[in-house]
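# A look at the structure
One-letter residues, chain by chain:
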Amino acid sequence: MSTEIFTIFMIMMSFGAEASGPSPATDLLNRIFQNIDLRQNDFVQTLKEWLAVQSDSSDPQLRGEVIRMMGIAAKRIQDLGATAQLVNPNMTEMIGGRQVPLPPVLLANLGDDPKKPTVCFYGHVDVQPAKKEDGWTTDPYTLTEINGNLHGRGASDDKGPVLAWINAVDTLNTLKQDIPVNMKFIIEGMEETGSGGLEEIIKKYNHFFSDIDYIVISDNSWISRKPALIYGSRGNAYFFVEVKGSERDLHSGSFGGITHEAMSDLIALLDSLVDPSGRILIPGIYDDVATLTEEEQQLYDKIEFDMEEQKNKIGVKKFVQSTKVETLLHLWCYPSLSIHGIEGAFYGPGTKTVIPSKVIGKFSIRQVPNMNLSAVKEKVSKHLENVFAKRNSPNKLTVTMPIGALPWVTDAKELQYEAARRAVAKVFGIVPDMIKDGSTIPIAKTFQTVTQKKIMMLPIGGSDDGEHSQNEKISRDNYIQGTKLFAAFFLELAELHQKKQKYSNQINKD
Ligand SMILES: *[C@@H]1O[C@H](CO)[C@@H](O)[C@H](O)[C@H]1NC(C)=O
Ligand SMILES: *[C@@H]1O[C@H](CO)[C@@H](O)[C@H](O)[C@H]1NC(C)=O
Ligand SMILES: [Zn+2]
């Protein structure tokens, strides 16, 4: 079906919805919501058990806990009636001089009715590191409820959302309701360290994806207290700029003034990248940036995003842009360049008078559609070489790009988004904000490229959940309403998908 015909179809559908009034579906939804409210303490208890597992994928000592967590998730999903398999990537990784096995990836499916759409849920059950002495108020691995917030590492990223999806299926089971969609799950335990092994498994198990209609990723958050759907994320091109001077570090009293210093070269190079207004100074870097459509820009006016609140949250006096729309555009639709650090520099307190022999500057560009990674790499290298050449330095410059992750964007008019908008309206009584994520979610692009399926990000976490930070939490309300949101989404998706199917059969006959 073409986009135009589909838009017309959607408009017809909305007229239909207004005319029909309370339906058996509304009654079912109410029973589902009541059951979720009734059992919310059970859902919180399961979350507590999951948060107690220290599944930190960055720590080689805790790899066993990640693997144990994958087993717990597999068991829970099997209990829903699904067929689950833990697929081993048969790979190891080197962390801190040790070979550590990669954990398995969970692939599961529930139902295979050809009349129903098949929706695949992606989430992860590994977590970022957390220690009480990092400044947590409560023990990070003991779920603690304070003022309606469920604190603990992984509460929002991503064990809470994974369980909310499971709870939603479980509720339909409890009510002895037919699940209106075929369901697949892909749950991993390496997300926080770059999803090692996942792409290999996605490629090898492509038959798992062949009958999937929609993939839903729930692994990020809203940008305010208002529910939001995400339809794009920026990519990331990470650069190392190495300048090598002398064979070893030198004393500035003995060699200062007579050598070309690597650090001075590097500072000049880094200073040539971006101006104080955030504009990237690399020639041609904006050439391929997709032109902003009127339609998208208009969306931004309505998005709930409180500049003052954001500034207070991070403790800055002002942002680079003065309006909300400009700020959001720079976060989502334009590339940005950030300087992250210098390896090999003298670091820490004290007054060491060293001239470092070799330094590596690190910066990255968050890119947007339709920037071309290899073109970005060429332009960056050429620019740095030009700046360096003007310095007449005998030192050696090397530019490399160790990470090149592509941006992801999709059409928010697709059916799965419409189903999610309707589900949000049913649970929260509002129209969700349509937003993007300024950070990089490589899995979205991987799914899009490898599986060619329709993808959506449907977050349930709040903007103040503190993922990756101390005192991470998900509010009880987000967790429970999020469970309702997923259940409502199954119903809406099934209904829209079937109507679309009928409608396109009709069109094909005519
Ligand atoms: C790892 O080995 C097992 C057992 O031979 C196999 O079933 C599985 O498909 C392998 N995984 C990958 C990613 O090749
Ligand atoms: C990306 O840039 C490279 C090098 O500049 C060029 O060879 C390639 O054709 C470009 N790809 C696209 C899709 O434009
Ligand atoms: Zn996550």
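Please read these numbers as outputs of a predicted model, since none were measured by experiment.

## Concerning the coordination of the zinc ion (ligand 3)
In this structure, H124 (NE2), D157 (OD), D219 (OD) and D219 (OD) serve as the protein donors to the zinc ion (ligand 3), at separations of 1.8 to 2.8 Å. Classification of the site at the zinc ion (ligand 3) as irregular follows from its 4 donor atoms and the range of 51 to 149 degrees in their angles at the metal. For the zinc ion (ligand 3), all donor residues lie on one chain, and their spacing in sequence is H-x32-D-x61-D. Residue H124 is found in strand β5 (residues 118-124), and its partner D157 is found in the loop between β7 (149-151) and α5 (159-174); the two are separated by 33 residues along the sequence. Relative accessible area serves as the criterion here: at 0%, H124 is assigned to the buried category. Here D157 falls in the buried class, since its relative accessible area comes to 6%.

## Considerations on the site of ligand 2
Surveying the vicinity of ligand 2 reveals the residues N372, S374, A375 and E378. In the model, an oxygen atom of ligand 2 is placed 2.4 Å from a nitrogen or oxygen of the N372 side chain. A distance of 3.5 Å separates an oxygen atom of ligand 2 from a polar side-chain atom of S374. Here ligand 2 loses 31% of its free accessible area of 360 Å² to cover by the protein chains.

## Quick look at the domain arrangement of the protein
Structurally, the protein comprises domain 1 (24-233 + 407-508) and domain 2 (235-289 + 334-405). One C-alpha centre belongs to domain 1, the other to domain 2, and the line joining them spans 38 Å. With 6 residues of domain 1 at the contact, the number on the domain 2 side is 7 residues. Where domain 1 abuts domain 2, roughly 500 Å² becomes buried across the two surfaces, and 64% of that area is made up of carbon and sulfur atoms. Taken together, the connections running from domain 1 to domain 2 amount to 2 residue pairs in polar contact (both at pLDDT 80 or more).

Basis of the calculations
Residues numbered from 1 in each chain as written. Chains lettered and ligands numbered in written order. Predicted model: local features only at pLDDT ≥ 70, side-chain atom pairs only at ≥ 80, totals over all residues. Heavy atoms only, no water. Donors = N, O, S within 2.8 Å, 3.2 Å for Na, K, Ca; no water. Tetrahedral: all angles 85-135°; square planar, octahedral: opposite > 155°, others 65-115°. Helix = DSSP H or I, 4+ residues; strand = E, 2+ residues; numbered from the N terminus. Buried < 20%, exposed > 50% of the residue type's maximum accessible area, 1.4 Å probe, protein only. Near = heavy atom within 4 Å. Polar contact = N/O pair within 3.5 Å; in protein donor to acceptor, adjacent residues only side chain to side chain. Areas by Shrake-Rupley, 256 points an atom, 1.4 Å probe, with all protein chains shown as cover. Domains from an automatic or database assignment. Contact = heavy atoms within 4.5 Å. Buried area = accessible area lost by both parts, 1.4 Å probe.

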